[in-house]
Amino acid sequence: MVSKNTTDLNLIILGSPEAGKATTIGTLLYKIADKSSGNLQKLHQQAQDLEKNHEDPAWILDHFKDQREAGADPEEGDSTLKIITAKNQFNIAEVSGHERFIKNDISRLPPLDAALLVVSARFDEYEASIVNQDLISQDILLAFSLGVKNFIVAVNKIDEDTQDIYEQIEATVTERIKKITNLESSQIICVPISAKHGDNITEPSENLGWHEGPTLLQAFEGIPPAKKLEEKPLRLTLQDVYKIIDKIAPMGRI
């Protein structure tokens, strides 16, 4: 049950298919559920009902994506993926890829408070996303254009021997975010993780003992609530424009 003191926040997940978005979110949900046997049992039962391997938590986000693509109503029941912590309730939106990101996706997204950008530390996967196609810059620009003012960069597939690689990626991606968005360093949090092994997801890991910053869960909890914009000018995200006889009718989302 969500506490009445819990802040409701909307989070978008971005990153290349190889980065491990599904495993990251699935592992976080399992780690949180570990503290409540009822919730963990519910996840195991749902995995069994879907004929999924509960030991591979990636099925949670994959199932959520399948529901989205099948046209499930995100306002009803379990079709909305939520991460509920002691401080916040995060409503999760996930973009499966830019080639499939159409204008209808924009219209369904709520106002966003933050973005989780998952980046793989493996050389070939990182090179593919930032050098060859520059997908990371596309992700950053997309999130910023949708109103995101806080980024969590989860550098995945990290172990005790990859501190140098993490620091290089942290510097490169942080600089890229600043250049594209003009955000401050305080609005960008980088976290080294190993989603597959659960390292630095909810608790510090001995395998990443060199990291003195927050865990992924702590980074989530540190997201500030968005400022209310009731006094600001009206802003309409334009989805399409229709011509009806001799009238022009814009369609979009406020």
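Analysis parameters
- Residues numbered from 1 in each chain as written.
- Predicted model: local features only at pLDDT ≥ 70, side-chain atom pairs only at ≥ 80, totals over all residues.
- Heavy atoms only, no water.
- Buried < 20%, exposed > 50% of the residue type's maximum accessible area, 1.4 Å probe, protein only.
- Helix = DSSP H or I, 4+ residues; strand = E, 2+ residues; numbered from the N terminus.
- Phe/Tyr/Trp six-rings, centres within 6.5 Å; stacked < 30°, edge-to-face > 60°.
- Salt bridge = Lys/Arg side-chain N within 4 Å of Asp/Glu carboxyl O.
- Core = buried A, V, L, I, M, F, W, Y, C linked by side-chain atoms within 4.5 Å.
- Contact = heavy atoms within 4.5 Å.
- Patch = residues over 30% accessible without salt bridge, like charges linked within 9 Å, V, L, I, M, F, W, Y side chains within 5 Å.
- Areas by Shrake-Rupley, 256 points an atom, 1.4 Å probe, with all protein chains shown as cover.
- Pairing = 2+ DSSP bridges.
- Right-handed = clockwise from strand over helix to strand, strands pointing away.
- Axes fitted to C-alpha atoms, helices over the stretch in contact; angles between N-to-C directions.
- Parallel < 35°, antiparallel > 145°, perpendicular 65-115°, else oblique.
- Left-handed = near helix turned anticlockwise from the far one by under 90°.
- Nonpolar A, V, L, I, M, F, W, Y, C, P; charged D, E, K, R; others polar.

1. Details of unusual backbone geometry
Logical step 1: Phi at Lys 157 takes a positive value of approximately 65°, unusual for a residue other than glycine.
Logical step 2: A relative accessible area of 24% means that Lys 157 is categorised as partly exposed.
Logical step 3: Look at Ile 245: it is not a glycine, yet its phi comes out positive at around 60°.
Logical step 4: Within the secondary structure, Ile 245 sits in the loop between strand E7 (237-244) and strand E8 (247-253).

2. Focus: the packing of aromatic side chains
Logical step 1: Tallied over the entire structure, the rule returns two aromatic pairs.
Logical step 2: With centroids separated by 5.1 Å and ring planes inclined at 70°, the aromatic side chains of Phe 90 and Phe 220 adopt a geometry described as edge-to-face. Placement of Phe 90 in strand E3 (residues 88-94) and of Phe 220 in helix H8 (residues 216-221) is noted, with a sequence separation of 130 residues between them. Each of the two residues, Phe 90 as well as Phe 220, counts as buried.

3. What about the pattern of salt bridges?
Two side chains carrying opposite charge are able to pair once their charged atoms lie near each other.
Logical step 1: For the structure shown, the criterion picks out two salt bridges.
Logical step 2: Linking Glu 125 and Arg 122 is a salt bridge whose minimum nitrogen-to-oxygen distance equals 4.0 Å.
Logical step 3: Given the relative accessible area of 16%, Glu 125 is considered buried.
Logical step 4: You can call Arg 122 partly exposed: its relative accessible area is 46%.
Logical step 5: The shortest N-O distance in the salt bridge between Glu 125 and Lys 157 comes to 2.9 Å. In this pair, Glu 125 is assigned in helix H5 (residues 123-132) and Lys 157 in the loop between strand E5 (151-156) and helix H7 (163-181), connecting sequence segments 32 residues apart.

4. Observations regarding helix H6 (residues 135-145)
Logical step 1: Among all positions in H6, only Leu 135, Ile 136, Ser 137, Asp 139, Ile 140, Leu 142 and Ala 143 are buried.
Logical step 2: The positive-phi residue at the C-terminal boundary of H6 is Gly 147, with phi of around 100°.

5. Looking at the nonpolar core
Logical step 1: Ranked by internal contacts, the top residues of the largest apolar core, which has 37 residues, are Ile 25, Leu 81, Ile 83, Leu 116, Leu 216 and Phe 220.
Logical step 2: Elements that contribute at least two residues to this core include exactly strand E1 (7-14), helix H1 (21-33), helix H2 (37-49), helix H3 (59-69), E3, strand E4 (114-120), E5 and H8.
Logical step 3: Counting residues per element, this core draws most heavily on H1, which supplies seven residues.
Logical step 4: Non-local contacts of Ile 25, meaning those with residues more than four positions away in its chain, are made with Ile 13, Leu 61, Leu 81, Ile 83 and Leu 116.
Logical step 5: The next biggest cluster of nonpolar side chains, apart from the first, holds 27 residues, and it includes Ile 12, Leu 112, Val 155 and Val 173.

6. Focus: a nonpolar patch on the surface
Logical step 1: A grouping of Leu 236, Leu 238, Val 241 and Ile 248 is seen on the molecular surface, where their side chains present a nonpolar patch of about 380 Å² in accessible area.
Logical step 2: Checked against the element boundaries, Ile 248 lands in strand E8.

7. Points about the pairing of E5
Logical step 1: When you tally the buried positions in E5, you get six out of six residues, the bulk of the element.
Logical step 2: The pairing of E4 with E5 spans six bridges and is classified as parallel. Residue pairing across strands places Ser 120 opposite Asn 156, the latter belonging to E5.
Logical step 3: The pairing of E5 with strand E6 (residues 188-192) spans five bridges and is classified as parallel. The partner of Ala 154 across the bridge, within E6, is Val 191.
Logical step 4: Regarding the hand of the β-α-β motif, the stretch spanning E5, H7 and E6 is right-handed.

8. Some details on the packing of H6 against H7
Logical step 1: At a closest axis distance of 10 Å, the pairing of H6 and H7 adopts a crossing angle of 45°. It follows that H6 is oblique to H7 by the angle criterion. In terms of crossing hand, the pair formed by H6 and H7 is right-handed. Seen from H6, the contacting residues are Ile 136, Ser 137, Ile 140, Leu 141 and Phe 144; seen from H7, they are Val 173, Arg 176, Ile 177, Ile 180 and Thr 181.
Logical step 2: For the contact of H6 with H7, the class distribution of residues is seven nonpolar, two polar and one charged.

9. Things to note about the pairing of E1
Logical step 1: In terms of burial, E1 is a largely internal element, six of the eight residues being buried.
Logical step 2: Here E1 runs beside E4; their pairing, made up of four bridges, is parallel. Across the sheet, residue Leu 14 finds its bridge partner in E4, namely Leu 117.

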